[in-house]
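Overview (structure and organization)
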Amino acid sequence: AAGAAAPGHGSGPAVVAHRGASGHAPENTLAAVDAAAELEVEWVEVDVQRAGDGELVVIHDNDLARTTDAPERYPDRAPWTLTDFSAAEIAELDAGSWYGPEFAGERVPTLGQVLDRMAAHGQKLLLEVKSPELYPGIEADIVAALREHGWLSPRTLRSALVVQSFDAASVRTLHELAPRVRTGLLGNPPVAELRRHAQYVDQINPRHTAATAEYVAAIQELRGAHGRRLQVNVWTVNDGPTAFALAGLGVDGIITDHPDVVRAALSSG
Ligand code: G3P
Ligand code: CA
């Protein structure tokens, strides 16, 4: 599973709710975390970035335009870049109405709020450090937040937390700051480079279209930073037949907006 990928009970890939269960509630909100809990999804993926005053916030885009009402509230502050807003300003925004009126008033959560909610639900976290090149030092901030919110216990480190990024330098930095935290590299580096990345990651997590049988096997024959077999989580898979085919390749986790669809496909075989 993302991590332990411990697919539940040794029976196929773990299911990972993408941006929370974002096919069921607005992405990267507490409602999406709750929806994943409701669906009993083992793992939850969210994206973390940094507000102008340094607070870590959970949001996918580098700006507030698509998923909040910032454009209506602040028409003079285009393009609504995250770093031009304080955490207090961001906390006032509506991050649910764009998705559906029943989610009006949903907020952009801080990382701390997500960590606390997920701990309460007993969920496992696949945390993506989004665009770290925009936020120098964010890796140390993330490690501090994980520590403050109780996410660095031996049990959590062993089976309930993976930090990933498309940015290899950021993943390496995080690994050096917190060597016990399992990590993942997003994307599909060439096979010849896998061994080098395996020194500081536990997972290689490619777009599902890059996950050929050969590529999955090339990853899984290596050992990761913590001595276990290197794992593969694929994204973003929203239809049953594709999920079923990827399970046949032996991937460790499937990241999806629709955990219910993927789970049904995995149990249909
Ligand atoms: O977890 C992988 C996936 O989330 C990467 O793409 O754009 O949804 O963050 P994106
Ligand atoms: Ca992501």
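Please refer to the structure placed before this passage.
Residues numbered from 1 in each chain as written. Chains lettered and ligands numbered in written order. Predicted model: local features only at pLDDT ≥ 70, side-chain atom pairs only at ≥ 80, totals over all residues.

1. Considerations on the overall build of the protein
We apply this condition: Each helix is a run of DSSP H or I of at least 4 residues and each strand a run of E of at least 2, with the numbering of both proceeding from the N terminus. Put simply, the radius of gyration uses C-alpha atoms, and a globule should come to 2.2 Å times the residue count raised to 0.38. The exposure scheme places C-beta atoms from the backbone and then counts, for each residue, the other C-beta atoms within 10 Å of its own, assigning buried at 20 or more, exposed at 12 or fewer, and partly exposed in between.
Helices and strands together make up the secondary structure of the protein, namely 11 helices and 9 strands. Relative to a compact globule of 269 residues, whose C-alpha radius of gyration would be 18 Å, the protein shows 18 Å and is just as compact. Principal axes of the C-alpha set define a box for the protein whose edges measure 50 × 40 × 30 Å. In the protein, which comprises 269 residues, the proportion classed as buried is 48%.

2. Regarding the nonpolar core
Convention followed: Nonpolar core, as used here: buried Ala, Val, Leu, Ile, Met, Phe, Trp, Tyr and Cys residues forming one set through C-beta atoms within 7 Å. Any two residues are considered in contact once their C-beta atoms, placed from the backbone, lie within 7 Å.
Ranked by size, the top nonpolar core spans 73 residues in total, and within it V44, V234 and I254 carry the most contacts. Top element by residues in this core is helix α1 (residues 30-38). It accounts for 6 residues. Sequence-distant contacts of V234, that is, excluding residues within four places in its chain, are made with P206, H208, A211, L246, V251, I254 and I255.

3. Observations regarding the pairing of strand β5 (residues 161-165)
Our working rule: Strands pair, by our definition, only if DSSP identifies at least two bridges between them. Handedness of a crossover is defined as follows: orient the strands so they point away from the viewer, and if the path from the first strand over the helix to the second runs clockwise, the crossover is right-handed.
Among the 5 residues that make up β5, 5 are buried, leaving the element largely enclosed by the rest of the structure. Burial of the side chains of β5 extends over both faces: L161, V163 and S165 are buried on one face and V162 and Q164 on the other. One ladder, built from 4 bridges, connects strand β4 (residues 124-129) with β5; its direction is parallel. Paired with L126 across the strands is V162, a residue of β5. After leaving β5, the chain enters helix α7 (residues 168-177) and then returns to the sheet as strand β6 (residues 182-186), a path that is right-handed.

4. Let's talk about the pairing of strand β1 (residues 14-18)
Counting buried positions along β1 gives 5 out of 5 residues, so the element sits mostly inside the fold. In β1, alternate side chains face the same way, and those of A14, V16 and H18 on one face and V15 and A17 on the other are all buried. Pairing geometry for β1 and strand β9 (residues 253-256), over 4 bridges, is parallel. When the sheet's bridge partners are listed, A17 is paired in β9 with T256. Bridge count between β1 and strand β2 (residues 43-50): 3 bridges; the pairing is parallel. Counterpart to A17 in the pairing with β2 is V44. For the crossover from β1 across α1 to β2, the handedness is right-handed.

5. Focus: the packing of helix α10 (residues 240-249) against helix α11 (residues 259-267)
Condition: Between N-to-C directions, angles span 0 to 180 degrees; the directions come from axes that are lines fitted to C-alpha atoms, helices contributing only their stretch in contact. If an angle is under 35 degrees, it is roughly parallel; if it is over 145, roughly antiparallel; if it lies from 65 to 115, roughly perpendicular; otherwise it is oblique. For a crossing to be left-handed, the near helix must be turned anticlockwise from the far one by less than a right angle; the clockwise case is right-handed. Throughout this entry, Asp, Glu, Lys and Arg are counted as charged residues, while Ala, Val, Leu, Ile, Met, Phe, Trp, Tyr, Cys and Pro are counted as nonpolar. The remaining residues, Gly among them, count as polar.
Contact pair α10 / α11: the axes reach a minimum separation of 8 Å and the direction vectors enclose 55°. The angle between α10 and α11 places the two elements in the oblique class. Here α10 runs over α11; the crossing is right-handed. Of α11, the residues touching α10 (which contributes G240, P241, A243, F244 and A247) are V261, V262, A264, A265 and L266. The residue inventory of the contact of α10 with α11, partitioned by class, reads 9 nonpolar, 1 polar and no charged.

6. Some points on the packing of α1 against helix α4 (residues 111-121)
At a minimum axis separation of 10 Å, α1 and α4 run at an interaxial angle of 15°. Between α1 and α4, the angle is such that the two are roughly parallel. As α1 runs across α4, the sense of the crossing is right-handed. Touching L30, V33 and A37 of α1 are Q113, V114, R117, M118 and H121, all from α4.

7. Some remarks on unusual backbone geometry
Residue P79 is bonded to the preceding A78 through a cis peptide linkage, with omega at 5°. Within the secondary structure, P79 sits in the loop between α2 (70-73) and α3 (87-92). The phi angle at W80 is positive, at roughly 60°, despite the residue not being glycine. With respect to the helices and strands, W80 occurs in the loop between α2 and α3. With phi around 50°, S131 is a residue other than glycine that occupies positive phi space. Along the chain, the position of S131 falls in the loop between β4 and α5 (138-148).

8. Concerning the site of ligand 1
In plain terms, the rule: Here is the check we use: build the C-beta atom from the backbone, and if it is within 6 Å of the molecule or strand, call the residue near.
Close contacts around ligand 1 come from H18, E45, D47, H60, E128, L186, W235, T236 and I255, and that covers them all. In terms of residue class, the shell around ligand 1 is built from 3 nonpolar, 3 polar and 3 charged.

9. Thoughts on the environment of G105
With respect to the helices and strands, the residue G105 is situated in the loop between α3 and α4. Looking at G105, the number of C-beta atoms within 10 Å reads 10, which means it is exposed. When the C-alpha atoms of G105 and T68 are compared, they prove to be 10.0 Å apart, with 37 residues separating the residues in sequence. Not counting residues within four places of it along the chain, the set of residues in contact with G105 comprises D94 and G96.

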